[in-house]
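Structural description and commentary
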Amino acid sequence: MSFLDASGMTGGYGATDILHDCTLRVEKGQIAVIVGPNGAGKSTAMKAVFGMLRLRAGKVTLDGEDITALSPQERVRKGMGFVPQVNNVFPTMTVEENLEMGAFIREDDFTGTMEQVFELFPILCDKRRQNAGELSGGQRQQVAVGRALMTKPKLLMLDEPTAGVSPIVMDELFDRIIEIARTGISILMVEQNARQALEIADTGYVLVQGANRYTDTGAALMADPEVRRTFLGG
Amino acid sequence: MDLLNALVAILNYVVIPATAYGAQLALGALGVTLIYGILRFSNFAHGDTMAFGTAVTIIVTWGLQAAGVSLGPLPTALLALPFGIAITAALMLATDRVIYRYYRKVHAAPVILVMVSVGVMFLMNGITRLLIGVDEIRFDDGARFLITAREWRDWTGLAEPLTLRSTQAITVVVAAVVVWALFWFLAKTRTGKSMRAFSDNEDLALLSGINPNRVVAVTWIIAAALATTAGVLYGLDKSFKAFNYFQLLLPVFAAAIVGGLGNPLGAIAGGFIIAFSEVGVTYAWKKVAGYLGYNADGLLQLLSTEYKFAVSFVILIIVLLFKPTGLFRGKSF
């Protein structure tokens, strides 16, 4: 069984379903990327995995444990970390305080984890006393990812981490994400920049209208002429 | 010599009273701004919270005086203040449990919460009047003056008198200690930081495992402490009258908005801006002008003291027109 196994997810916000029998799986230490056209339900699928959406059918298990009935907060305690697409930092608090708040549920000493985050994102160490709201878009994303890492998650979920950042910063962020995965953390990520994201993905999920259309390794999806023509722009 | 006399007159009639009044407004505005930042509504009941807290403190003060307890030169009310804060905090928590919690649960719009707080305001107003009556009450005891006019004249030989009432000095000292404690709490403690996080980004705070009920409860307790302290200091400095505290709501809100709602530093600056404007505009400058060699026919008073609330209104309107987020960039409406 996969480390994260969200299978047969069906549900939506109101009466109509957005997800239709959607399945997402991530192996330990691997990167899974969800791509697809606008309105395909990519973010909704991720929110469903995190418990922010009530499912009518389907099941989510993490490390073999059924977490379908748990709230997002409880899932954080079970080892999920979530980085929302927007409003993902505390703008009038310093970088260091943002990380501290990330570790709010931890009773033990978290200075070691903070050091690791600073090693991963050295710029944050330089700006640790600066308010997160004053940072550039890319730096703010680093704070957001760092905040989520403070609970030492086993699965990190990123909702379009590169939205609104420059291509150089995007490459940099993807490099960091690969580094995070190498430490054994599984990553589930929604991305608009499908081509670049699939390049680093172990598994790629192409969603269309809330259902799985193609599922394969990132490289295989990139090589599939049909996927290229319809979703990657040739 | 005349220049010195002019300076002393300004110090005596404008700077000292406005500083004390500004400190009282700042404490009141801090409570308003804290509730706005964390609970996300303008609490119109804050003036009457100040009145209730002060009324309880006065009753405890009477009890202490009857028991023969005294702080010597300091007013007994300072000893009663912690009791007043505790009882007011209990009332705030009860109000939240019975009234506000429901509206939070249904995610009521801020304007509905404001209306709810108006209802709470009338209720607390009634409770205060039942508790202590509507009359004016003076409850300051201990030493009255730090500097009397006679002492000042003997020391300096200046024609212009200067007095410093002990309540004015106590106001400034207590306000400074309270503000320092509040900022230390918000900046350094885990609970304080979690409150700021909750104010900054509620969803992310919940995601981080911050307990919203705890944040709300601590906010009410701190608001009760700030309101009671502000009310007692105002009452010591001037006098206690339930209706005056209701009227204080306007300058308190003006101070919070001028500084930028949700911004604690702004609340303090706003308090002093409002206080100095109010006192400055309603002071008759004739005497000072006389010392400076200009003999005016009129009183040189821009506005008679009955209209002092107009000053808050005007400043409020100017700020809302030209800088709606306030001088210190608070949250906009």
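Residues numbered from 1 in each chain as written. Chains lettered and ligands numbered in written order. Predicted model: local features only at pLDDT ≥ 70, side-chain atom pairs only at ≥ 80, totals over all residues. Heavy atoms only, no water.

Moving on: the overall build of chain B. If you tally the helices and strands in chain B, you get 13 helices and 2 strands. Whereas a compact globule of 333 residues would reach a radius of gyration of roughly 20 Å, chain B reaches 21 Å, a difference of no more than 12%. Considering only C-alpha atoms, chain B reaches an extent of 65 × 55 × 35 Å along its principal axes. Within chain B, contacts between residues separated by at least 24 positions form 74% of all contacts whose residues are at least 6 apart in sequence. Looking at chain B as shown, the accessible area adds up to about 14800 Å², and 69% of this sits on carbon and sulfur atoms. Taking the average place of the 24 positive charges on the side chains of chain B and the average place of its 17 negative ones, the gap between the two points comes to 11 Å. (Helix = DSSP H or I, 4+ residues; strand = E, 2+ residues; numbered from the N terminus. Rg over C-alpha atoms; globule rule 2.2 N^0.38 Å. Contact = heavy atoms within 4.5 Å. Areas by Shrake-Rupley, 256 points an atom, 1.4 Å probe, with all protein chains shown as cover. Lys, Arg positive; Asp, Glu negative; His and termini not counted. Charge placed at Lys NZ, Arg CZ, Asp CG, Glu CD.)

Okay, the layout of surface pockets next. Approximately 910 Å³ is the volume found for the largest pocket. Lining the largest pocket are 28 residues, with Thr-92 of chain A together with Asp-200, Gly-262, Asn-263 and Pro-264 of chain B sitting closest to its centre. Of all the elements in the fold, those that place two or more residues in the lining of the largest pocket are helix 1 (2-39), helix 6 (166-188), helix 7 (190-200) and helix 11 (264-282) of chain B. Of the residues belonging to the lining of the largest pocket, the class tally is 12 nonpolar, 10 polar and 6 charged. (1 Å grid on protein atoms, 1.4 Å probe; cavity = no way out; pocket = protein on both sides within 12 Å on 5 of 7 lines; lining within 4 Å. Points joined across faces, edges and corners; volume = space filled by probe spheres on them. Nonpolar A, V, L, I, M, F, W, Y, C, P; charged D, E, K, R; others polar.)

Applying the stated rule across the entire model yields 2 cavities of 30 Å³ or more. Each pocket or cavity is described by its volume, and for the largest cavity that value is around 80 Å³. In terms of lining, the largest cavity is formed by Val-76, Met-80, Gly-81, Phe-82, Gly-102, Ile-105, Arg-147, Ala-148 and Thr-151 of chain A together with Leu-207 and Ser-208 of chain B. Among the secondary structure elements, those contributing two or more residues to the lining of the largest cavity are strand 6 (80-83) and helix 6 (137-149) of chain A.

So, about the pattern of salt bridges. Within the structure shown, the criterion is met by 18 salt bridges over all chains. One salt bridge connects Lys-193 of chain B with Glu-100 of chain A, and the closest N-O pair in it is separated by 2.5 Å. Here Lys-193 of chain B is found in helix 7, whereas its partner Glu-100 of chain A is found in helix 3 (residues 95-102) on a different chain. In this pair, the class of Lys-193 of chain B matches that of Glu-100 of chain A, namely buried. The residue Arg-104 of chain B makes a salt bridge to Asp-96 of chain B at a minimum N-O spacing of 3.0 Å. (Salt bridge = Lys/Arg side-chain N within 4 Å of Asp/Glu carboxyl O. Buried < 20%, exposed > 50% of the residue type's maximum accessible area, 1.4 Å probe, protein only.)

Before going further, it helps to examine helix 6 of chain A. Structurally, the α-helix is built with 3.6 residues per turn, so residues lying three or four positions apart point the same way. Residues and elements named next belong to chain A. Its 13 residues place the ends of helix 6 18 Å apart at the C-alpha level, agreeing with the 18 Å of an ideal helix rising 1.5 Å per residue. With respect to burial, helix 6 is a largely interior element, 11 of its 13 residues being buried. Every buried residue of helix 6 is listed here: Gly-138, Gln-139, Gln-141, Gln-142, Val-143, Ala-144, Val-145, Gly-146, Arg-147, Ala-148 and Leu-149. (Expected span 1.5 Å × (residues − 1).)

Turning our attention to the packing of aromatic side chains. Counted under the stated rule, the structure contains 11 aromatic pairs over all chains. Residues Tyr-283 of chain B and Trp-285 of chain B carry aromatic rings whose centres are separated by 5.1 Å and whose planes lie at 80 degrees to one another, so their mutual orientation is edge-to-face. Since its relative accessible area comes to 11%, Tyr-283 of chain B is described here as buried. What makes Trp-285 of chain B partly exposed here is its relative accessible area of 26%. Against the face of Phe-104 of chain A rests Arg-190 of chain B, its NZ or CZ located 4.1 Å from the ring centre. The ring of Phe-309 of chain B carries the charged tip of Lys-308 of chain B above its face, separated from the ring centre by 5.6 Å. (Phe/Tyr/Trp six-rings, centres within 6.5 Å; stacked < 30°, edge-to-face > 60°. Lys NZ or Arg CZ within 6 Å of the ring centre and 35° of its normal.)

This paragraph deals with the packing of helix 2 (residues 46-66) of chain B against helix 9 (residues 212-237) of chain B. Residues and elements named next belong to chain B. Look at helix 2 against helix 9: their axes get within 7 Å of each other, and the N-to-C directions meet at 70 degrees. Comparing the axis directions of helix 2 and helix 9 gives the class roughly perpendicular. Here the hand of the crossing between helix 2 and helix 9 comes out right-handed. Residue-level inspection shows His-46, Thr-49, Met-50, Gly-53, Thr-54 and Thr-57 of helix 2 in contact with helix 9, the latter providing Ala-223, Ala-227, Thr-228, Ala-230, Gly-231 and Val-232. Residues that form the contact of helix 2 with helix 9 fall into these classes: 5 nonpolar, 7 polar and no charged. (Axes fitted to C-alpha atoms, helices over the stretch in contact; angles between N-to-C directions. Parallel < 35°, antiparallel > 145°, perpendicular 65-115°, else oblique. Left-handed = near helix turned anticlockwise from the far one by under 90°.)

All names here are of chain B. Per the UniProt annotation, the sites labelled "transmembrane region" (unreviewed entry) are residues 20-39, 51-71, 77-94, 106-124, 169-187, 215-236 and 305-322. Overall, residues 169-187 shows 100% helix and 0% strand. The separation of its end C-alpha atoms is 27 Å. What you have in residues 215-236 is 100% helix and 0% strand, and the ends, taken at the C-alpha atoms, are 31 Å apart. (UniProt positions renumbered as here; feature names shortened; annotations may be inferred.)

This part covers the confidence of the model for chain B. In this model, chain B carries an average pLDDT of 93, and 99% of its residues clear a pLDDT of 70 or more. Mean pLDDT across the elements of chain B ranges from a minimum in helix 12 (residues 286-291) of chain B, with 86, to a maximum in helix 9 of chain B, with 97. (pLDDT = per-residue confidence, 0-100.)

Moving on: the interface of chain A and chain B. Taken together, the contacts link 20 residues of chain A with 15 residues of chain B. Of the roughly 1600 Å² buried where chain A meets chain B, counting both sides, 56% is carbon and sulfur surface. Summed over the three residues of chain A that lose the most area to chain B, namely Phe-90, Met-101 and Phe-104 of chain A, the buried surface amounts to 37% of that side. On inspection of chain A and its partner chain B, the count reaches 2 salt bridges. Viewed at the interface, chain B and chain A are joined by 8 residue pairs in polar contact (both at pLDDT 80 or more). Of all the elements in the fold, those that place two or more residues in the side of chain A that touches chain B are helix 2 (72-77) and helix 3 of chain A. Here the side of chain A that touches chain B is composed, by residue class, of 11 nonpolar, 4 polar and 5 charged. (Buried area = accessible area lost by both parts, 1.4 Å probe. Polar contact = N/O pair within 3.5 Å; in protein donor to acceptor, adjacent residues only side chain to side chain.)

We now examine helix 10 (residues 242-259) of chain B. Residue and element names in this part refer to chain B. The end-to-end C-alpha distance of helix 10, which contains 18 residues, comes to 26 Å, matching closely the 26 Å that a straight helix rising 1.5 Å per residue would cover. Within helix 10, 14 of the 18 residues are buried, leaving the element largely enclosed by the surrounding structure. Looking one or two places after helix 10, you find Gly-260, whose phi comes out positive at around 110 degrees.

All names here are of chain B. A grouping of Phe-313, Val-314, Ile-317, Ile-318, Leu-321 and Phe-322 is seen on the molecular surface, where their side chains present a nonpolar patch of about 660 Å² in accessible area. Here Leu-321 shows up in helix 13 (residues 308-322). For Leu-321, a relative accessible area of 62% puts it in the exposed group. (Patch = residues over 30% accessible without salt bridge, like charges linked within 9 Å, V, L, I, M, F, W, Y side chains within 5 Å.)

Bringing the sheet that holds strand 7 (residues 155-159) of chain A into the picture now. All names here are of chain A. Strands sit in the order 6-7-8-3-9-10 across an open sheet of 6 strands; the sheet is mixed. Where the open sheet ends on each side, the last strands, each with one partner, are strand 6 and strand 10 (211-216). On average, each strand axis in the sheet is inclined to that of its neighbour by 15 degrees, with strand direction left out of account. Running at roughly 150 degrees to strand 8 (residues 186-190), helix 7 (residues 167-182) makes contact with strand 3 (31-35), strand 7 and strand 8 of the sheet. (Pairing = 2+ DSSP bridges.)

Another aspect to go through is the sheet that holds strand 1 (residues 4-11) of chain A. Pairing between sheet strands relies on hydrogen bonds along the backbone, with the strands arranged either parallel or antiparallel. Residues and elements named next belong to chain A. Pairing in this open sheet of 4 strands is antiparallel, and the strands run 2-1-4-5 from one edge to the other. Edge positions in the sheet fall to strand 2 (19-26) and strand 5 (65-66), since each has one partner strand and no second. Sheet topology note: the strand 4 (residues 55-62)/strand 5 ladder contains 2 bridges and is antiparallel. Each bridged residue has a counterpart across the sheet, and for Thr-61 the counterpart in strand 5 is Asp-66. Along the sheet, helix 1 (residues 42-50) contacts strand 1, strand 2 and strand 4; its crossing angle with strand 2, the most-contacted strand, is approximately 70 degrees.

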